[in-house]
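What follows is the residue order along each chain.
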2 protein chains.
Amino acid sequence: MSGPIRRSWKDVRDHIHRRVLDGTYRPGDKLPRDEDIAETLGCARSTVQRAMQDLSDAGIVERKRKGGTHVRVDPVSRATLDIPITRREVEARGATYSYHLAQRRLAQTPRSIVTTLALSAPEEMLHVQALHLSDRRPYIYEDRWVSTRTAPEILDVDLSRFSANEWLVRNKPYSRYDLRLYAIAAEAAEAVQLDVEQGAALLVIERTTWIGDLPITTVRSVTTPGYQLLAQNGE
Amino acid sequence: MSGPIRRSWKDVRDHIHRRVLDGTYRPGDKLPRDEDIAETLGCARSTVQRAMQDLSDAGIVERKRKGGTHVRVDPVSRATLDIPITRREVEARGATYSYHLAQRRLAQTPRSIVTTLALSAPEEMLHVQALHLSDRRPYIYEDRWVSTRTAPEILDVDLSRFSANEWLVRNKPYSRYDLRLYAIAAEAAEAVQLDVEQGAALLVIERTTWIGDLPITTVRSVTTPGYQLLAQNGE
DNA sequence: AATGTTTATATGTAGGTACATAATATTGTC
DNA sequence: GACAATATTATGTACCTACATATAAACATT
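A. Geometry of the pairing of strand 4 (residues 77-83) of chain B. Here strand 4 of chain B shows a buried face lined by B:Ser77, B:Ala79, B:Leu81 and B:Ile83 and an unburied face lined by B:Arg78, B:Thr80 and B:Asp82. Here seven bridges tie strand 4 (residues 77-83) of chain A to strand 4 of chain B, and the two strands are oriented antiparallel to one another. Each residue of the ladder has a partner; that of A:Ala79, found in strand 4 of chain B, is B:Leu81.

Next comes the structure, spelled out in structure tokens:
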């Protein structure tokens, strides 16, 4: 149907995608081999390959050597979350960002942190608690542990002026991370810091980063009520 | 330093990535042009291009025509969340999945749904409320609206036996979606359905899908206490 | 029938060439 | 100096060829 005169790999991708969307190819169906599609659409196989790679990344199709390309049976909803530096996030919404350091001290990591960071034993790390504010109102409360072994320079940073969040993200690239999202009821300490009622439902974003096998930091960011994480995709 | 004998694009990618990680290239720095990197590493430019594309997708570098390639100044934490079919999720953890339809009726969309789906005016849709269970215990409570205009076939599906979640994801591919994550305190209705105390902190996953401009469905999935969304990345 | 081995084949990758495109840098004009 | 037109250049895309790799399918062996 749709003309044989196609060019870019995005056209090819959209062409195939459309056929999945309109039911020409249904979940589980096998698609023609790249070469045949290329011939049908009048383009090179490499162009089809590029298009298919994208559809595969997007979770639309599955490809296997020799096995061919199939429309995914259980399409997962694949969402890409971008978690920006908190200051940027606040400023992007036109609000004034500010920051308050609540605690900074060296301490032995408790068991929970040992587990999270996959340490072999407790060790001394920098424990930082800080509040990010948007228009002078509490926005995110972060409880962070930073490895002084992996990131010793953090000890020289004036954390009362610059957030560890920002310094780390700019100066300590990581090679691996975990992200964990869940809800908690505000406990006494958090309720006070965030100025919310005890028991309020709050979204927590927990992030842990490593460089190679070395732990850099783990942070538990407790957001204020109403906070939403958004992801969009498509078109 | 690292030998000039490199081959695959993944090697090239890792090589560059390593140099970002070890500080050879710092945030904001400009990288050599693809051609020079290709020459240095002894590979074709297309191989470097492939590697750079991947680093760009991962949010490590930014590329601009004529402008060259730069290490991102504000590295965002980019996480890919896969949200599977609920049944699969439960079964993957070795639990027994079951499902209970709580309500199914045609109704006018309330204002909030009109907004979410970007409708021009309220219209009649299928309103479904259902409970997903894991080992006979409440797991996720979903409140869903399905467009009978875009997906009329849903009216013929026996929703007391098959979840709308599964039917839709298998039969109604979408071209665009929104994802929204936040925390709520359980209200009376939810507390009863999920068998939790009123006021308990719950993670909510809200998903809306369209095909082109046509709304398919919007669902508000309220998870049980302790539910976590995970994303991992790297190495 | 169950198991191991070989073969065929679709995708994956690398190399090379040519041209397209966008955006910066330069030049020209007032 | 300000601004518009033009040239330059790094990335992006397309096409082709050749070979690598995984694995489904066919075949052989117990």
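B. A look at the protein's contact with DNA strand D. Taken together, 21 residues form the shell around DNA strand D, and within it A:Ser8, A:Trp9, A:Thr47, B:Arg45 and B:Arg63 come nearest. The side chain of B:Arg33 places a nitrogen or oxygen atom 3.0 Å from a phosphate oxygen of DNA strand D. Ranked by the residues each element gives to the surface near DNA strand D, the list is headed by helix 3 (residues 45-57) of chain A, at three residues. Residues belonging to the surface near DNA strand D are distributed by class as follows: three nonpolar, six polar and 12 charged.

C. Fine view of the protein's contact with DNA strand C. A:Arg45, A:Arg63, B:Ser8, B:Trp9 and B:Thr47 are the nearest of the 21 residues found near DNA strand C. When the atoms of DNA strand C within 4 Å of the protein are sorted by group, sugar and phosphate make up 73%. In this structure, A:Arg65 approaches DNA strand C through a side-chain N or O atom, which is 2.9 Å from a sugar or linking oxygen. Within the side chain of A:Lys66, an N or O atom sits 3.2 Å from a sugar or linking oxygen of DNA strand C. Of all elements in the fold, only helix 3, strand 2 (61-64) and strand 3 (68-71) of chain A together with helix 3 (45-57) of chain B reach the threshold of two or more residues within the surface near DNA strand C. No other element matches the three residues that helix 3 of chain B contributes to the surface near DNA strand C.

D. A look at a positive patch on the surface. A cluster of basic residues, A:Lys10, A:Arg50, B:Lys10, B:Arg50 and B:Arg65, forms a positive patch at the surface. Within the secondary structure, A:Arg50 is located in helix 3.

E. Inspection of the interface of chain A and chain B at higher detail. Contacts between chain A and chain B engage 53 residues on the former and 53 residues on the latter. Overall, the association of chain A and chain B removes approximately 4800 Å² of surface from exposure, summing both partners, and the carbon and sulfur fraction of that is 50%. Linking chain A with chain B are two salt bridges. Ionic pairing is found between A:Arg78 and B:Asp82, a salt bridge with its closest N-O pair at 2.9 Å. Joining chain A to chain B, the criterion identifies 16 residue pairs in polar contact (both at pLDDT 80 or more). For the side of chain A that touches chain B, the element with the highest residue contribution is strand 8 (residues 176-185) of chain A, accounting for 10 residues. Split into classes, the residues belonging to the side of chain A that touches chain B amount to 29 nonpolar, 12 polar and 12 charged.

Criteria and cut-off values
Residues numbered from 1 in each chain as written. Chains lettered and ligands numbered in written order. Predicted model: local features only at pLDDT ≥ 70, side-chain atom pairs only at ≥ 80, totals over all residues. Heavy atoms only, no water. Buried < 20%, exposed > 50% of the residue type's maximum accessible area, 1.4 Å probe, protein only. Helix = DSSP H or I, 4+ residues; strand = E, 2+ residues; numbered from the N terminus. Pairing = 2+ DSSP bridges. Near = heavy atom within 4 Å. Polar contact = N/O pair within 3.5 Å; in protein donor to acceptor, adjacent residues only side chain to side chain. Nonpolar A, V, L, I, M, F, W, Y, C, P; charged D, E, K, R; others polar. Patch = residues over 30% accessible without salt bridge, like charges linked within 9 Å, V, L, I, M, F, W, Y side chains within 5 Å. Areas by Shrake-Rupley, 256 points an atom, 1.4 Å probe, with all protein chains shown as cover. Salt bridge = Lys/Arg side-chain N within 4 Å of Asp/Glu carboxyl O. Lys, Arg positive; Asp, Glu negative; His and termini not counted. Charge placed at Lys NZ, Arg CZ, Asp CG, Glu CD. Contact = heavy atoms within 4.5 Å. Buried area = accessible area lost by both parts, 1.4 Å probe.

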